[in-house]
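In case you want the letters, here they are:
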Amino acid sequence: MARHLLTGTELDRDALLALLDRADALKAAPLSSRALEGRSIALIFERHSTRTRLSFEAGVFELGGRPIVLRRDELQLARGESVADTARVLSRHVAAVGLRTGPHELLEELAQASRVPVFNMLTAVHHPCQALADLMTLRERFGRLEGLKLAYVGDGNNVARSLALVGAIAGVQVAVASPDGYALAGDTAGARLTADPVEAVADADAVYADVWVSMGDEDSADARRAALAPYRLDDALLDRAAPGAIALHCLPAHPGEEISADVLYGPRQCIWDQAENRRHAQKALLELLVR
Ligand code: CP
Ligand code: NVA
């Protein structure tokens, strides 16, 4: 059985902390591992990406491997070849497969038929690689994860879910503030759900924002912007968090919408470190998956 990373909950606490330790080591010495020497990694994108593509492509290269980036429209998948057959062929050529797509079931179907590890580069339901980089960033800043409080304000989406699920494994207490109709649904791993952003950020060590209109949600963009307007991450909201609290955002950002430009480019953010840490955390993940 190939091991996969579809939600992040495949990792137990020890494995997660070991991965983060390894990510720190790889950040300190980016060219110190040849774990993917002579191996190829397929990276399939059915949705747009800047950070995920850059960080995986550069990260695979730094590990001595070859990234093969495939867009849906280039694959026979787009002309009707099944996901399972695509997985069977991928398994004959590459050491692991990353997929970014909308339906989480499609990722599961790929993993089911794959003999090599499959990892989630974002679905509409989960974004575990983002959460790994976010935990790395939190630990870098605070020196620990256990007992930290993270408040996510905005749409109860893929990023919020992965923070709740993966954060819980590391002992981070997550609160999610969303308006009616946009609350985090399903298994939230004990995350505190509220409609009140000020209540969510009380005592928080980090306040996290994501876009109000995720990929695939464009049809409801106007309604989302109206409902989510009171959930903007600005200095006034950050002032209600714990002293020394940091601002996080997975990016891409829309300054003036879900986050103010003052916070996005200001002294209290660790957002650009998060973007960098994608590469280090994912290299540690690839080392773990490809053995
Ligand atoms: N945060 C993130 O996944 O960014 P991209 O959509 O640019 O990959
Ligand atoms: N929630 C966003 C995250 C982008 C990285 C989306 O799914 O579009």
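One can find the structure itself at the top, above this paragraph.
What comes next concerns the included structure. (Residues numbered from 1 in each chain as written. Chains lettered and ligands numbered in written order. Predicted model: local features only at pLDDT ≥ 70, side-chain atom pairs only at ≥ 80, totals over all residues. Heavy atoms only, no water.)

Its volume calculated, the largest pocket comes out at about 420 Å³. Every residue lining the largest pocket is counted, 26 residues in all, and those nearest its centre are Arg100, Val211, Met215, Leu251 and Pro252. Elements that contribute at least two residues to the lining of the largest pocket include exactly helix 2 (51-62) and helix 6 (158-169). (1 Å grid on protein atoms, 1.4 Å probe; cavity = no way out; pocket = protein on both sides within 12 Å on 5 of 7 lines; lining within 4 Å. Points joined across faces, edges and corners; volume = space filled by probe spheres on them. Helix = DSSP H or I, 4+ residues; strand = E, 2+ residues; numbered from the N terminus.)

Note on pairing: side chains with opposite charge can pair once their charged atoms come close. Applying the stated criterion across every chain yields a total of 19 salt bridges. The partner of Arg192 in a salt bridge is Glu199, and the shortest N-O contact between them spans 3.3 Å. The exposure class assigned to Glu199 is partly exposed, which follows from its relative accessible area of 39%. Each of the salt bridges in this network shares a partner with another, and the network as a whole consists of Asp21, Asp24 and Arg139. (Salt bridge = Lys/Arg side-chain N within 4 Å of Asp/Glu carboxyl O. Buried < 20%, exposed > 50% of the residue type's maximum accessible area, 1.4 Å probe, protein only.)

A few words on the site of ligand 1. Neighbouring ligand 1 are the residues Ser49, Thr50, Arg51, Thr52, Arg100, His127, Gln130, Cys250, Leu251 and Arg278. Between ligand 1 and the protein, one listed contact pairs an oxygen atom with a side-chain N or O atom of Thr52 at 2.7 Å. In the complex, 95% of the free accessible area of ligand 1, which totals 260 Å², lies under the protein chains. Its atoms largely coinciding with the cavity grid, ligand 1 occupies the largest pocket. (Near = heavy atom within 4 Å. Polar contact = N/O pair within 3.5 Å; in protein donor to acceptor, adjacent residues only side chain to side chain. Areas by Shrake-Rupley, 256 points an atom, 1.4 Å probe, with all protein chains shown as cover. Sits in = over half its atoms within 2 Å of the grid points.)

Next up on the list: the packing of aromatic side chains. Under the criterion given, the structure shown has 3 aromatic pairs. Ring centres of Phe56 and Phe119 lie 4.8 Å apart, and the angle between their planes is 25 degrees; on these two criteria the pair is classed as stacked. Of this pair, Phe56 sits in helix 2 while Phe119 is found in strand 4 (residues 118-120), placing the two residues 63 residues apart along the sequence. Here Phe56 and Phe119 have matching classes, each one buried. (Phe/Tyr/Trp six-rings, centres within 6.5 Å; stacked < 30°, edge-to-face > 60°.)

Running from amino to carboxyl end, helix 5 (residues 128-142) crosses helix 6 at an angle of 55 degrees, the nearest separation of the two axes being 9 Å. When the axis of helix 5 is compared with that of helix 6, the two are oblique. The crossing of helix 5 and helix 6 is right-handed. The segment helix 5 lies against helix 6, with Pro128, Ala131, Leu132, Asp134 and Leu135 engaging Ser162, Leu163, Val166 and Gly167. Residues of the contact of helix 5 with helix 6, tallied by class, amount to 6 nonpolar, 2 polar and 1 charged. (Axes fitted to C-alpha atoms, helices over the stretch in contact; angles between N-to-C directions. Parallel < 35°, antiparallel > 145°, perpendicular 65-115°, else oblique. Left-handed = near helix turned anticlockwise from the far one by under 90°. Contact = heavy atoms within 4.5 Å. Nonpolar A, V, L, I, M, F, W, Y, C, P; charged D, E, K, R; others polar.)

Turning to the sheet that holds strand 4, a few remarks are in order. Across the sheet, which stays open at both edges, the 4 strands sit in the order 2-1-3-4 with parallel pairing between neighbours. Edge positions in the sheet fall to strand 2 (66-71) and strand 4, since each has one partner strand and no second. This sheet shows a mean twist of 20 degrees between the axes of neighbouring strands, independent of strand direction. Bridge analysis of strand 1 (residues 40-45) against strand 3 (residues 96-100) gives 5 bridges, and the strand direction is parallel. Note that in strand 3 the partner of Ile41 across the bridge is Ala96. Where helix 4 (residues 104-113) meets the sheet, it contacts strand 3 and strand 4, and its direction lies at approximately 165 degrees from that of strand 4. (Pairing = 2+ DSSP bridges.)

Glancing now at the sheet that holds strand 6 (residues 173-177). If you walk across this open sheet you meet the 5 strands as 7-6-5-8-9, and the pairing is parallel. The open sheet has two free edges, formed respectively by strand 7 (192-194) and strand 9 (246-249), since each of these has just one partner strand. Averaged over neighbouring strand pairs, the angle between their axes works out to 20 degrees when direction is ignored. Across the sheet, helix 11 (residues 271-289) touches strand 8 (206-209) and strand 9, and the angle it forms with strand 9 is around 50 degrees.

Around ligand 2, the surrounding shell consists of Leu122, Asn157, Asn158, Val159, Asp210, Val211, Ser214, Met215 and Leu251. For ligand 2, a nitrogen atom lies 3.3 Å from a polar atom in the side chain of Asn157. One nitrogen or oxygen atom from the side chain of Asn158 is found 2.8 Å from an oxygen atom belonging to ligand 2. Contact with the protein chains hides 94% of the accessible area of ligand 2, taken as 270 Å² for the molecule alone. Here the shell around ligand 2 is built from residues that sort into 5 nonpolar, 3 polar and 1 charged.

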